[in-house]
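Examination of the molecular architecture
Listed below, chain by chain, are the residues.
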Amino acid sequence: MTRLPPILVALSLLAAPAAPLARGHGGHSYGSRSHGGHSSASRSHGSGTHASRRKAVGVRRDGHGRIERDPEQRARFRRSHPCPSTGRTSGRCPGYVVDHVQALKHGGRDDPSNMQWQSVQAAKAKDRWE
């Protein structure tokens, strides 16, 4: 992933409309566990609201307000990119999650071309700054 110079980041923030972001954890990763691959500690934001987070505009959401994902896209990615720890194309992948390179909430596509394997530790770090 390439990093943008700080001036470009600042200019893009000034030029971008104030798009609302998701309250709670919109998550960008798929995990091998049934609740999306994140521990309850990483998903929990307490009972307070986050004034700095707003919902992304133009992103499809499910009945619970979470960004919709197509499970078939993840399956396509898994078939062509076996798990780094087991070499399997289905089932659990201990220590890894499927990550969207460009987060869905930031306009990334829910498509295998925008997915990568990422260690759980790296995913948690990325979630903190995304």
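Basis of the calculations
- Residues numbered from 1 in each chain as written.
- Predicted model: local features only at pLDDT ≥ 70, side-chain atom pairs only at ≥ 80, totals over all residues.
- Heavy atoms only, no water.
- Salt bridge = Lys/Arg side-chain N within 4 Å of Asp/Glu carboxyl O.
- Buried < 20%, exposed > 50% of the residue type's maximum accessible area, 1.4 Å probe, protein only.
- Helix = DSSP H or I, 4+ residues; strand = E, 2+ residues; numbered from the N terminus.
- Disulfide = S-S within 2.5 Å.
- Phe/Tyr/Trp six-rings, centres within 6.5 Å; stacked < 30°, edge-to-face > 60°.
- Pairing = 2+ DSSP bridges.

Let's shift gears to the pattern of salt bridges. Considering all chains together, one arrives at 4 salt bridges under this definition. The shortest N-O distance in the salt bridge between E72 and R79 comes to 2.7 Å. You can call E72 partly exposed: its relative accessible area is 38%. As a salt-bridge pair, K126 and D99 come within 2.9 Å of each other at their nearest N and O atoms. On the criterion of sequence distance, the pair formed by K126 in helix 4 (residues 120–129) and D99 in strand 2 (residues 96–100) is long-range, its members being 27 residues apart. Accessibility classification places K126 together with D99 in one group, the buried group.

Across all of its chains, the model carries 1 disulfide by this definition. With a sulfur-sulfur separation of 2.0 Å, C83 is cross-linked through a disulfide to C93. With the S-S bond torsion at 85°, the cross-link from C83 to C93 turns out right-handed. Linking C83 in the loop between helix 3 (71–80) and strand 2 with C93 in the loop between helix 3 and strand 2, this pair joins segments that are 10 residues apart in sequence.

On to the packing of aromatic side chains, then. The tally for this structure, following the rule as stated, stands at 1 aromatic pair. Arranged with centres 5.7 Å apart and planes meeting at 55°, the rings of F77 and W117 form a pair that is tilted. With a gap of 40 residues between them, F77 in helix 3 and W117 in strand 3 (residues 115–119) connect regions that are remote in the sequence.

Of all 5 residues in strand 2, 4 are buried, a share of seventy percent or more. For strand 2 and strand 3, the ladder comprises 5 bridges, and the chain directions are antiparallel. Considered in strand 3, the bridge of D99 is made with Q116.

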